[in-house]
Amino acid sequence: MAVELGVIEGYFGKPWSHGDRKHVMTRLRDIGYSWFHYAPKADAFLRRRWREPHPSDVLAELVELSAYCRGLGMRFGMGLSPYELCRDFSGPGRADFIAKVRALDDTGIDELAILFDDTRGDVPDLAAREADIVHTAQANTCASRVLMCPTYYSDDRMLDVVFGERPAGYLDELGRRLDPRVGVYWTGEEICAREVGVG
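Source: prediction; values computed, not measured.

### Focus: the overall build of the protein chain
Logical step 1: Within the protein chain, the regular secondary structure consists of 6 helices and 6 strands.
Logical step 2: Starting at the N terminus, the α and β elements of the protein chain follow one another as β-α-β-α-β-α-β-α-β-α-α-β.
Logical step 3: Relative to its length of 199 residues, the protein chain is compact, with a C-alpha radius of gyration of 16 Å against a globular reference of 16 Å.
Logical step 4: Summarising its shape, the C-alpha atoms of the protein chain cover approximately 45 × 40 × 30 Å along the three principal directions.
Logical step 5: Looking at the protein chain as a whole, 45% of its 199 residues are labelled buried.
Logical step 6: Only carbon and sulfur atoms are counted for the fraction: they give 54% of the accessible area of the protein chain, which is about 10400 Å².
Logical step 7: With 25 positive and 32 negative side-chain charges, the protein chain shows a spacing of 2 Å between the two charge centroids.

### Structural notes on empty space enclosed by the protein
Logical step 1: Inspection of the entire model under this criterion finds 2 cavities of 30 Å³ or more.
Logical step 2: For the largest cavity, the lining is made up of 13 residues, of which Glu 84, Leu 85, Cys 86, Thr 119 and Arg 120 are closest to its centre.
Logical step 3: Taken together, the residues of the lining of the largest cavity break down into 7 nonpolar, 2 polar and 4 charged.
Logical step 4: Within this model, the second largest cavity holds a volume of roughly 30 Å³.

### Here's the deal with helix H2 (residues 56-71)
Logical step 1: Compared with the 22 Å implied by 1.5 Å per residue over 16 residues, the 22 Å span of H2 between its first and last C-alpha is a close match.
Logical step 2: Turning to H2, its buried residues number three or more, namely Leu 62, Leu 65, Ser 66 and Cys 69. Projection of H2 onto a plane perpendicular to its axis shows the buried side chains occupying an angular sector of 100°, all on one side. Among the exposed residues of H2, those pointing more than 90 degrees away from its buried face are Ser 56, Asp 57 and Gly 71.
Logical step 3: On its buried face, H2 sits against helix H1 (18-30), strand S2 (35-38) and strand S3 (75-80).
Logical step 4: With its phi angle positive at about 85°, Gly 73 sits one or two positions after the end of H2.

### Here we look at unusual backbone geometry
Logical step 1: Unusually for a residue other than glycine, Glu 84 sits at a positive phi of about 70°.
Logical step 2: Within the secondary structure layout, Glu 84 lies in the loop between S3 and helix H3 (91-105).
Logical step 3: Located in the positive-phi region is Asp 118, a residue other than glycine, with phi close to 65°.
Logical step 4: As for its position among the elements, Asp 118 is in the loop between strand S4 (111-115) and helix H4 (126-140).

### Overview of the pairing of strand S1 (residues 6-9)
Logical step 1: In the sheet, S1 pairs with S2 via 4 bridges, with the strands oriented parallel. Within S2, the position partnered with Gly 6 by the bridge is Trp 35.
Logical step 2: Regarding topology, H1 serves as the crossover connection from S1 to the parallel S2, and that connection is right-handed.

### Looking at the layout of surface pockets
Logical step 1: Its boundaries defined by the atoms lining it, the largest pocket holds a volume of some 870 Å³.
Logical step 2: Here the lining of the largest pocket is composed, by residue class, of 13 nonpolar, 5 polar and 8 charged.

Rules and cut-offs
Residues numbered from 1 in each chain as written. Predicted model: local features only at pLDDT ≥ 70, side-chain atom pairs only at ≥ 80, totals over all residues. Heavy atoms only, no water. Helix = DSSP H or I, 4+ residues; strand = E, 2+ residues; numbered from the N terminus. Rg over C-alpha atoms; globule rule 2.2 N^0.38 Å. Buried < 20%, exposed > 50% of the residue type's maximum accessible area, 1.4 Å probe, protein only. Areas by Shrake-Rupley, 256 points an atom, 1.4 Å probe, with all protein chains shown as cover. Lys, Arg positive; Asp, Glu negative; His and termini not counted. Charge placed at Lys NZ, Arg CZ, Asp CG, Glu CD. 1 Å grid on protein atoms, 1.4 Å probe; cavity = no way out; pocket = protein on both sides within 12 Å on 5 of 7 lines; lining within 4 Å. Points joined across faces, edges and corners; volume = space filled by probe spheres on them. Nonpolar A, V, L, I, M, F, W, Y, C, P; charged D, E, K, R; others polar. Expected span 1.5 Å × (residues − 1). Arc of directions from axis to C-beta. Contact = heavy atoms within 4.5 Å. Pairing = 2+ DSSP bridges. Right-handed = clockwise from strand over helix to strand, strands pointing away.

Next up, the structure:
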């Protein structure tokens, strides 16, 4: 299986500027990377304020960034962290989520990542709820690929200390429930892995 390289701008701290992102994309293309996902933790409209639309100037930059990335022959994606949605994915929450997914489609994304990292995991039936949200995104997006980041995205026990004890069998159940076409972010044995082995 060929390794496909990409970058997610999904860190805490000051986000890159619009120009920096374009520079990074160009450099990544030059060294063989094939995708870029925009998901800075500082973009509140993809996190705690995800139900709200991006300001028009930011939205215009994202549309331009998407076109620039595709112009380089790379796929452009965005990462959405629907804060607290696992607690209630009924009527209004589901409708707001679908509306947000469709709004992200309007920026010209090729890929959509639904990110559950950095959220509490002490929710009944967590794996089932996350799979339902991801499949709803998959059914309502124009993106050609959907990915997700589990709440527990590493074997590292620090996640359990910070976000609550992971449910028994969480990853096994998530694996059984998820459509096999959905990509999954996984960092391995540690949150910030020094290396990722074949195992």
